[in-house]
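Survey of secondary and tertiary structure
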Amino acid sequence: MAADSTTARIETSFWWSCLAMSRDAVDMQDEAWMAKALLLARKAESENEVPVGAIVVKDNEIIGRGWNRNIGLNDPSAHAEIMAMRSAGEALGNYRLPDCTIYVTLEPCTMCAGAMIHARLARLVFGADDPKTGAAGGMFDLLSHPAHNHQLQVSSGVLADACSALLRDFFHQRR
(Lines give C-alpha, C1' and ligand atoms only; values in the text may rest on other atoms or scores of the structure.)
Protein backbone atom coordinates (compact mmCIF):
# COMPACT_ATOMS: atom_id res chain seq x y z
CA MET A 1 0.00 0.00 0.00
CA ALA A 2 2.75 2.47 0.95
CA ALA A 3 4.67 1.72 -2.25
CA ASP A 4 1.57 2.52 -4.33
CA SER A 5 1.12 5.79 -2.46
CA THR A 6 4.78 6.72 -2.98
CA THR A 7 4.58 5.85 -6.67
CA ALA A 8 1.44 7.94 -7.05
CA ARG A 9 3.14 10.93 -5.34
CA ILE A 10 6.19 10.59 -7.60
CA GLU A 11 4.02 10.38 -10.73
CA THR A 12 1.95 13.37 -9.63
CA SER A 13 5.10 15.36 -8.88
CA PHE A 14 6.54 14.41 -12.25
CA TRP A 15 3.44 15.56 -14.15
CA TRP A 16 3.26 18.83 -12.22
CA SER A 17 6.92 19.54 -13.01
CA CYS A 18 6.26 18.78 -16.70
CA LEU A 19 3.31 21.15 -16.64
CA ALA A 20 5.43 23.86 -15.00
CA MET A 21 8.18 23.39 -17.59
CA SER A 22 5.59 23.49 -20.35
CA ARG A 23 4.13 26.74 -18.98
CA ASP A 24 7.59 28.28 -18.70
CA ALA A 25 8.34 27.32 -22.31
CA VAL A 26 5.01 28.79 -23.46
CA ASP A 27 5.63 31.98 -21.47
CA MET A 28 9.11 32.36 -22.99
CA GLN A 29 7.71 31.73 -26.48
CA ASP A 30 4.93 34.26 -25.90
CA GLU A 31 7.50 36.83 -24.79
CA ALA A 32 9.61 36.20 -27.89
CA TRP A 33 6.61 36.69 -30.18
CA MET A 34 5.47 39.76 -28.24
CA ALA A 35 8.93 41.25 -28.70
CA LYS A 36 8.34 40.97 -32.47
CA ALA A 37 4.99 42.76 -32.08
CA LEU A 38 6.75 45.49 -30.08
CA LEU A 39 9.11 46.08 -33.01
CA LEU A 40 6.06 46.70 -35.19
CA ALA A 41 4.63 49.05 -32.55
CA ARG A 42 7.86 51.05 -32.82
CA LYS A 43 7.36 51.13 -36.59
CA ALA A 44 3.90 52.64 -36.01
CA GLU A 45 5.45 55.19 -33.67
CA SER A 46 8.04 56.13 -36.32
CA GLU A 47 5.11 56.87 -38.65
CA ASN A 48 3.47 59.09 -35.99
CA GLU A 49 0.78 56.49 -35.37
CA VAL A 50 -0.28 55.23 -31.95
CA PRO A 51 2.38 52.59 -31.24
CA VAL A 52 0.52 49.30 -31.43
CA GLY A 53 1.90 46.27 -33.24
CA ALA A 54 0.54 42.80 -33.95
CA ILE A 55 1.62 39.52 -35.49
CA VAL A 56 -0.28 36.35 -36.37
CA VAL A 57 1.54 33.08 -35.80
CA LYS A 58 0.68 29.63 -37.16
CA ASP A 59 2.84 26.54 -36.74
CA ASN A 60 5.59 28.58 -35.10
CA GLU A 61 5.86 30.95 -38.09
CA ILE A 62 4.74 34.56 -38.51
CA ILE A 63 2.11 34.65 -41.26
CA GLY A 64 0.78 38.16 -40.66
CA ARG A 65 2.17 41.49 -39.50
CA GLY A 66 0.48 44.77 -38.74
CA TRP A 67 0.90 48.07 -36.99
CA ASN A 68 -1.46 50.98 -36.52
CA ARG A 69 -1.87 52.85 -39.81
CA ASN A 70 -5.13 54.75 -39.27
CA ILE A 71 -3.65 58.18 -39.92
CA GLY A 72 -1.39 57.27 -42.84
CA LEU A 73 -4.08 55.29 -44.64
CA ASN A 74 -6.98 57.57 -43.63
CA ASP A 75 -8.71 54.38 -42.51
CA PRO A 76 -10.38 54.09 -39.10
CA SER A 77 -10.23 50.29 -39.37
CA ALA A 78 -6.45 50.14 -39.95
CA HIS A 79 -5.66 48.97 -36.43
CA ALA A 80 -2.60 46.76 -35.95
CA GLU A 81 -4.74 43.67 -35.35
CA ILE A 82 -6.85 44.20 -38.47
CA MET A 83 -3.75 44.77 -40.59
CA ALA A 84 -2.10 41.61 -39.20
CA MET A 85 -5.24 39.52 -39.79
CA ARG A 86 -5.54 40.85 -43.36
CA SER A 87 -1.92 39.92 -43.99
CA ALA A 88 -2.42 36.45 -42.49
CA GLY A 89 -5.60 35.90 -44.50
CA GLU A 90 -3.74 36.73 -47.69
CA ALA A 91 -0.90 34.37 -46.71
CA LEU A 92 -3.32 31.51 -46.06
CA GLY A 93 -5.75 32.35 -48.86
CA ASN A 94 -8.56 32.24 -46.31
CA TYR A 95 -10.44 34.74 -44.17
CA ARG A 96 -10.59 32.15 -41.41
CA LEU A 97 -7.46 31.82 -39.29
CA PRO A 98 -7.96 28.61 -37.30
CA ASP A 99 -5.03 27.29 -35.26
CA CYS A 100 -3.49 30.78 -35.30
CA THR A 101 -2.43 33.01 -32.43
CA ILE A 102 -2.43 36.79 -32.60
CA TYR A 103 0.04 38.73 -30.47
CA VAL A 104 -0.77 42.40 -29.95
CA THR A 105 0.87 44.99 -27.73
CA LEU A 106 -2.43 46.51 -26.52
CA GLU A 107 -5.70 44.88 -25.49
CA PRO A 108 -7.97 44.87 -28.57
CA CYS A 109 -10.93 47.20 -29.01
CA THR A 110 -14.44 45.96 -29.81
CA MET A 111 -13.89 46.19 -33.59
CA CYS A 112 -10.72 44.11 -33.44
CA ALA A 113 -12.19 41.62 -30.96
CA GLY A 114 -15.17 41.09 -33.28
CA ALA A 115 -12.86 40.51 -36.23
CA MET A 116 -10.89 37.97 -34.18
CA ILE A 117 -14.07 36.04 -33.44
CA HIS A 118 -15.10 36.06 -37.12
CA ALA A 119 -11.59 34.98 -38.16
CA ARG A 120 -11.86 32.03 -35.74
CA LEU A 121 -8.45 32.73 -34.23
CA ALA A 122 -7.51 30.14 -31.63
CA ARG A 123 -5.71 32.43 -29.24
CA LEU A 124 -5.06 36.07 -28.37
CA VAL A 125 -1.99 37.18 -26.43
CA PHE A 126 -1.77 40.85 -25.50
CA GLY A 127 0.58 43.05 -23.53
CA ALA A 128 -0.91 46.24 -22.08
CA ASP A 129 -4.40 46.38 -20.62
CA ASP A 130 -6.81 49.00 -21.96
CA PRO A 131 -9.28 49.79 -19.18
CA LYS A 132 -11.06 52.46 -21.27
CA THR A 133 -11.80 50.63 -24.53
CA GLY A 134 -10.40 47.10 -24.14
CA ALA A 135 -12.71 44.30 -25.23
CA ALA A 136 -10.82 41.34 -23.75
CA GLY A 137 -11.67 42.09 -20.13
CA GLY A 138 -10.64 45.75 -19.79
CA MET A 139 -13.91 47.57 -20.39
CA PHE A 140 -15.78 44.70 -22.05
CA ASP A 141 -15.23 40.96 -22.37
CA LEU A 142 -16.46 40.18 -25.86
CA LEU A 143 -14.06 37.32 -26.55
CA SER A 144 -15.48 34.98 -23.95
CA HIS A 145 -19.12 35.99 -24.21
CA PRO A 146 -21.24 32.81 -24.26
CA ALA A 147 -23.51 34.12 -27.02
CA HIS A 148 -20.69 33.89 -29.57
CA ASN A 149 -20.25 30.68 -31.51
CA HIS A 150 -16.47 30.94 -31.09
CA GLN A 151 -14.31 31.85 -28.12
CA LEU A 152 -10.60 32.54 -28.13
CA GLN A 153 -8.15 31.51 -25.48
CA VAL A 154 -6.81 34.77 -24.03
CA SER A 155 -3.49 35.44 -22.32
CA SER A 156 -2.76 38.93 -21.05
CA GLY A 157 0.10 40.85 -19.52
CA VAL A 158 2.90 39.48 -21.72
CA LEU A 159 5.67 42.11 -21.67
CA ALA A 160 3.03 44.43 -20.24
CA ASP A 161 5.55 46.87 -18.76
CA ALA A 162 7.34 47.39 -22.08
CA CYS A 163 4.07 47.65 -24.01
CA SER A 164 2.58 50.13 -21.51
CA ALA A 165 5.76 52.22 -21.37
CA LEU A 166 5.82 52.61 -25.14
CA LEU A 167 2.25 53.90 -25.18
CA ARG A 168 2.71 56.09 -22.10
CA ASP A 169 5.86 57.70 -23.54
CA PHE A 170 4.18 58.26 -26.91
CA PHE A 171 1.25 60.13 -25.38
CA HIS A 172 3.45 62.00 -22.90
CA GLN A 173 5.53 63.41 -25.78
CA ARG A 174 2.39 64.68 -27.49
CA ARG A 175 1.04 66.57 -24.47
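Residues numbered from 1 in each chain as written. Predicted model: local features only at pLDDT ≥ 70, side-chain atom pairs only at ≥ 80, totals over all residues. Heavy atoms only, no water.

What to know about the packing of helix α3 (residues 80-92) against helix α4 (residues 110-119)
With their axes 9 Å apart at the nearest point, α3 and α4 run at an angle of 25 degrees to one another. Taken together, the axes of α3 and α4 lie roughly parallel to each other. You can see that α3 and α4 cross each other, and the crossing is left-handed. Facing Glu 81, Ile 82 and Met 85 of α3, the residues of α4 in contact are Met 111, Cys 112, Ala 115, Met 116 and Ala 119. Of the residues that constitute the contact of α3 with α4, the class distribution is 7 nonpolar, no polar and 1 charged. (Axes fitted to C-alpha atoms, helices over the stretch in contact; angles between N-to-C directions. Helix = DSSP H or I, 4+ residues; strand = E, 2+ residues; numbered from the N terminus. Parallel < 35°, antiparallel > 145°, perpendicular 65-115°, else oblique. Left-handed = near helix turned anticlockwise from the far one by under 90°. Contact = heavy atoms within 4.5 Å. Nonpolar A, V, L, I, M, F, W, Y, C, P; charged D, E, K, R; others polar.)

Overview of the pairing of strand β3 (residues 101-106)
Consecutive side chains along a regular strand alternate between the two faces of the sheet. In terms of burial, β3 is largely enclosed, as 6 of its 6 residues are buried. Bridging between strand β1 (residues 53-58) and β3 involves 4 bridges; their strand directions are antiparallel. Looking at β3, one finds that Ala 54 is bridged to Val 104. Sheet analysis places β3 next to strand β4 (residues 123-128), joined by 5 bridges and oriented parallel. Within the sheet, the bridge partner assigned to Leu 106 lies in β4 and is Ala 128. (Buried < 20%, exposed > 50% of the residue type's maximum accessible area, 1.4 Å probe, protein only. Pairing = 2+ DSSP bridges.)

Topic: the side chain of Glu 81
Relative to the elements of secondary structure, Glu 81 occurs in helix α3. Despite its burial, Glu 81 pairs with no opposite charge, the nearest such side chain being Arg 86 at 11 Å. With residues near it in sequence (within four places) discarded, Glu 81 still touches Val 52, Ala 54, Ile 102, Val 104, Leu 106, Pro 108, Cys 109, Cys 112 and Met 116. (Lys, Arg positive; Asp, Glu negative; His and termini not counted. Salt bridge = Lys/Arg side-chain N within 4 Å of Asp/Glu carboxyl O.)

Details of unusual backbone geometry
Residues apart from glycine generally show negative phi values, whereas peptide bonds are mostly found in trans. Positive phi is not limited to glycine here, since Asp 99 has a value of about 60 degrees. Here Asp 99 shows up in the loop between α3 and β3. Phi angles above zero are rare outside glycine, and Arg 120 is one such case at about 65 degrees. Structurally, Arg 120 can be placed in the loop between α4 and β4.

A word on the pattern of salt bridges
One pass over the full model with this rule turns up 3 salt bridges. Note that Arg 42 and Glu 45 form a salt bridge whose closest N and O atoms lie 3.8 Å from each other. A residue pair is termed a helical-turn pair when its members lie 3 or 4 positions apart in one helix, as Arg 42 and Glu 45 do in helix α1 (residues 2-46) at 3 residues.

Remarks on the environment of Asp 130
Residue position: Asp 130 is located in the loop between β4 and β5 (153-155). On the accessibility criterion, Asp 130 (14% relative accessible area) is buried. Residues within four places of Asp 130 in sequence aside, it is in contact with Leu 106, Glu 107, Gly 138 and Met 139.

A look at the packing of aromatic side chains
Inspection of the entire model under this criterion finds 2 aromatic pairs. Between the aromatic rings of Trp 33 and Tyr 103, the centroid separation amounts to 6.4 Å while the plane-to-plane angle is 40 degrees, which identifies the pairing as tilted. Taken together, the residues span a long stretch of sequence, with Trp 33 in helix α1 and Tyr 103 in strand β3 at a distance of 70 residues. In this structure, Trp 33 and Tyr 103 share a single accessibility class: buried. Aromatic side chains Phe 170 and Phe 171 sit 5.1 Å apart centroid to centroid with 80 degrees between the ring planes, which places their arrangement in the edge-to-face category. The exposure class of Phe 170 is buried, given its relative accessible area of 4%. Above the face of the Trp 67 ring, Lys 43 is positioned so that its terminal group lies 4.9 Å from the ring centre. (Phe/Tyr/Trp six-rings, centres within 6.5 Å; stacked < 30°, edge-to-face > 60°. Lys NZ or Arg CZ within 6 Å of the ring centre and 35° of its normal.)

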